Amino acid sequence: MKKKSIITMMLALVAMAGLAQTKTATVTGYSPALKDGTLVLAGTGTIGNVVDTVQAGRFAFTLPVEELTEGFLGFIGDGCPNFNLTLFLRPGVTVKLTGNDCFYPLWNVESPLPEQQTQSRITEHCRDVVTELMQMDLAHAPWADREVVEMKYMKQQMDILPSLPVDAATIRALWGISMTAKNTKDFPYMEQLKELEKTIAARAPKGFEEQLAEIHNYVYPPRLLQIGDEAVDAELLDMQGQKHHLFEAFADGKYVLLDFWAIGCGPCMMSEPEMREVYEKMKDKLEIVAINQNKLSEWQKHEFSKRIVGKNWNNAMKDISSKYCDMGAIPYYVLISPDKRIIWKAVGYQPGYFLGMAESFNCPKQDNSSNLGLVVRHIEANADGTKVSFRYYTKKGYWFRIAKDSYLTANGKKYKLTAADGIKLDVDNFPEVNDFTAKEDYIGEINYSDFALTFEPFDTIPTTFDFIEGDVQGAFVIRNVSVE
């Protein structure tokens, strides 16, 4: 074969390879209501980026897709609600969006894909209630008011789903309803949801097994593990797709912190600097198991996944989160003792959580069941009273309060607070001593305050006691504090 022919064939193969790697779908849109400079946010799965800026009401962008893929579109600008428009995309497909206002989830969507047409039927059926939700969002209506309308939205979707084809759009809608039901106490339409889940699962074509299993876990959640319960094992995957068991993390007799997180979750990423700092200090006593909730391929490719400390595992099926997490919100944290007993659970990140946790490992044994940032450091118990020394960690500029009606419980009795040293009771206190400064601007400095509270003397010195910061919702609670 001639040299020229070989070179020609090689160039053709390179070109073909490049085309295989750059399959895309195109989205174009127009609305005269969009102001110039409005940012266009879009992506596939759970990962989104700013992809264009509106000019003269128009925008256009492409997204990489290898197969039928669920995407989303949103806008950041004046008059734009905090909602997403669901898009279904395939390689080579062009989707055209048009509207006359900024309520883009209700715009007309021209697409050749049947899944997008199913999505449009759902949207049209729920048009009035979606409009109401967006109006409430722009008006910053309180959640108590919005929740009532949100339930109406769930009901309207459930009413139309049985009449639609079972495809990616139908199952996505069912997933959203079931997630809402899991996170809503006394979900009002549970019986209808159970029947709908059963019907759609029976009609679903092959290829949706993972999504249907996740939905089933939301509709029929296993018993949630609570503080004091023994941990249960679970199967997870590493970056190479190899299987692991959660109980591997307990092999060295350490405390284990489960960190349920996902790409695109701001607070999940905000917690990383403090978590990394604590992990480096406490490797001999603490193991962190980061449990990602994204699809395996999304997690493996994302840059943030490579920064994870401790064991970096994935649980795209979410069967472990359905056992440990009281709600689907993230980040969700679970701290487990070396003897596999759950001692703390929390949703959301608060600066100081992990520094307080690390401090507590070197202090009297205690279960910080409400806020890891508050730690009992020392106890002096005698006939004159019980003096408890504390440290509280939080972000610089944040405040905390200790109620004057705080008390200890032991021996079946309450022991009242009699004195405070280092803080003022029932007022804002601002920690001033710096402990950690992160390079990232969104964390900055984490400070601490040391203070002591004195309580009535114990009738008999107990083995353990509980600290209760008043009988109000959200009070600090530290249980099973071991008396030195």
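Our subject is the structure listed above.
Below: a short report on this structure. Keep in mind that this is a model prediction, so the values were computed, not measured. (Residues numbered from 1 in each chain as written. Predicted model: local features only at pLDDT ≥ 70, side-chain atom pairs only at ≥ 80, totals over all residues. Heavy atoms only, no water.)

With respect to the state of the cysteines
Stage number 1. As enumerated under the stated definition, the model contains one disulfide in all.
Stage number 2. Sulfur-sulfur distance for the disulfide between Cys265 and Cys268 comes to 2.3 Å. Here the S-S torsion is close to 80 degrees, and the disulfide linking Cys265 with Cys268 is therefore right-handed.
Stage number 3. Exposure remark for Cys265: the relative accessible area of 10% places this residue in the buried category.
Stage number 4. Free of any disulfide, Cys102 has its nearest neighbouring cysteine sulfur in Cys80, separated by 4.3 Å.
Stage number 5. Taking the relative accessible area as the measure of exposure, Cys102 reaches 11% and is therefore buried. (Disulfide = S-S within 2.5 Å. Buried < 20%, exposed > 50% of the residue type's maximum accessible area, 1.4 Å probe, protein only.)

Let's talk about empty space enclosed by the protein
Stage number 1. According to the stated counting rule, one finds one cavity of 30 Å³ or more in the structure shown.
Stage number 2. As for the largest cavity, its lining consists of Asp259, Trp261, Cys268, Ser271, Glu272, Met275, Arg276, Ala290, Phe304, Arg307, Ile308 and Val309.
Stage number 3. Put simply, the parts of the chain that give the lining of the largest cavity at least two residues each are strand 11 (255-261) and helix 9 (272-281).
Stage number 4. With three residues, helix 9 is the largest single contributor of residues to the lining of the largest cavity.
Stage number 5. The residue inventory of the lining of the largest cavity, partitioned by class, reads seven nonpolar, one polar and four charged. (1 Å grid on protein atoms, 1.4 Å probe; cavity = no way out; pocket = protein on both sides within 12 Å on 5 of 7 lines; lining within 4 Å. Points joined across faces, edges and corners; volume = space filled by probe spheres on them. Helix = DSSP H or I, 4+ residues; strand = E, 2+ residues; numbered from the N terminus. Nonpolar A, V, L, I, M, F, W, Y, C, P; charged D, E, K, R; others polar.)

With respect to the environment of Glu115
Stage number 1. By secondary structure assignment, the location of Glu115 is in helix 2 (residues 114-125).
Stage number 2. For the pair formed by Glu115 and Met282, sequence separation is 167 residues and the distance between their alpha carbons is 50 Å.
Stage number 3. In this structure Glu115 touches Leu68, Phe88, Asp167, Ala168 and Ala169, once residues within four positions along its chain are discounted. (Contact = heavy atoms within 4.5 Å.)

Examining the sheet that holds strand 3 (residues 47-53)
Stage number 1. Taken in spatial order, the four strands line up as 3-2-5-6 in an open sheet, and their pairing is antiparallel. Where the open sheet ends on each side, the last strands, each with one partner, are strand 3 and strand 6 (85-89). Recorded for the sheet is a direction-independent mean angle of 30 degrees between the axes of neighbouring strands.
Stage number 2. Sheet analysis places strand 2 (residues 39-44) next to strand 3, joined by six bridges and oriented antiparallel. Note that in strand 3 the partner of Thr44 across the bridge is Ile47. (Pairing = 2+ DSSP bridges. Axes fitted to C-alpha atoms, helices over the stretch in contact; angles between N-to-C directions.)

Topic: the pattern of salt bridges
Stage number 1. As enumerated under the stated definition, the model contains 25 salt bridges in all.
Stage number 2. With a closest N to O distance of 3.6 Å, Asp450 and Arg377 form a salt bridge. With Asp450 in strand 21 (residues 445-455) and Arg377 in strand 16 (residues 374-382), this pair connects stretches of sequence that are 73 residues apart.
Stage number 3. Judged by its relative accessible area of 35%, Asp450 is partly exposed.
Stage number 4. Lys414 is paired through a salt bridge with Asp471; the nearest N and O atoms lie 3.4 Å apart. You can see Lys414 sitting in strand 19 (residues 413-421) and its partner Asp471 sitting in the loop between strand 22 (464-468) and strand 23 (477-482), a full 57 residues away along the chain.
Stage number 5. Taking relative accessible area as the criterion, Lys414 reaches 47% and is therefore assigned partly exposed. (Salt bridge = Lys/Arg side-chain N within 4 Å of Asp/Glu carboxyl O.)

Points about helix 2
Stage number 1. Given a rise of 1.5 Å per residue, twelve residues ought to cover 16 Å, and the 17 Å separating the end C-alpha atoms of helix 2 matches this to within 8%.
Stage number 2. Three or more residues of helix 2 are buried, namely Glu115, Gln116, Thr118, Gln119, Ile122 and Thr123. Along the axis of helix 2, the buried positions cluster into a sector of 155 degrees, meaning they face one direction only.
Stage number 3. At its buried positions, helix 2 is contacted by strand 6, strand 8 (108-110), helix 3 (127-138), helix 4 (143-160) and helix 5 (168-183). (Expected span 1.5 Å × (residues − 1). Arc of directions from axis to C-beta.)

Section: helix 12 (residues 353-360)
Stage number 1. Of all eight residues making up helix 12, eight are buried, and the element is well covered by its neighbours.
Stage number 2. Of all the residues in helix 12, the buried ones are Tyr353, Phe354, Leu355, Gly356, Met357, Ala358, Glu359 and Ser360.

Here we look at the packing of aromatic side chains
Stage number 1. For the structure on display, the rule yields 24 aromatic pairs.
Stage number 2. Arranged with centres 5.3 Å apart and planes meeting at 65 degrees, the rings of Trp261 and Phe304 form a pair that is edge-to-face. Here the residue Trp261 occupies a position in strand 11, and Phe304 occupies one in the loop between helix 10 (296-301) and strand 13 (311-314), the gap between them amounting to 43 residues.
Stage number 3. A centroid spacing of 5.8 Å and a plane angle of 40 degrees characterise the contact between Phe458 and Phe465, whose relative ring orientation is tilted. Taken individually, Phe458 and Phe465 each receive the classification buried, so the pair is uniform in this respect.
Stage number 4. Grouped by ring-pair contacts, the aromatic residues Phe390, Tyr392, Phe400, Phe451, Phe455, Phe467 and Phe476 constitute a single cluster.
Stage number 5. Geometry around Tyr30 places Arg58 over its ring, the cationic atom sitting 4.4 Å from the centre. (Phe/Tyr/Trp six-rings, centres within 6.5 Å; stacked < 30°, edge-to-face > 60°. Lys NZ or Arg CZ within 6 Å of the ring centre and 35° of its normal.)

Overview of the nonpolar core
Stage number 1. Formed by 49 residues in total, the largest nonpolar core has its most connected members in Phe59, Leu73, Phe75, Leu97 and Leu161.
Stage number 2. For this core, the element with the most residues is helix 5, which contributes seven residues.
Stage number 3. Once residues within four sequence positions are removed from consideration, Leu97 is found in contact with Val27, Thr28, Gly29, Tyr30, Phe59, Leu73, Leu87, Trp107, Asn108 and Val109.
Stage number 4. Counting 27 residues, the second largest nonpolar core, distinct from the first, contains Ala346, Leu355, Met357 and Tyr393. (Core = buried A, V, L, I, M, F, W, Y, C linked by side-chain atoms within 4.5 Å.)

Digging into the layout of surface pockets
Stage number 1. When its volume is computed, the second largest pocket comes out at roughly 310 Å³.
Stage number 2. Lining the second largest pocket are 19 residues; nearest its centre among them are Tyr255, Ile343, Lys365, Gln366 and Asp367.
Stage number 3. Class assignment for the residues of the lining of the second largest pocket results in nine nonpolar, five polar and five charged.

Brief notes about the pairing of strand 21
Stage number 1. Buried residues dominate strand 21, accounting for eight of its eleven residues.
Stage number 2. Bridge count for strand 17 (residues 385-395) against strand 21 is ten bridges, and the pairing is antiparallel. Within the sheet, the bridge partner assigned to Lys387 lies in strand 21 and is Thr454.
Stage number 3. Summarising the sheet, strand 19 and strand 21 pair through four bridges and their orientation is antiparallel.

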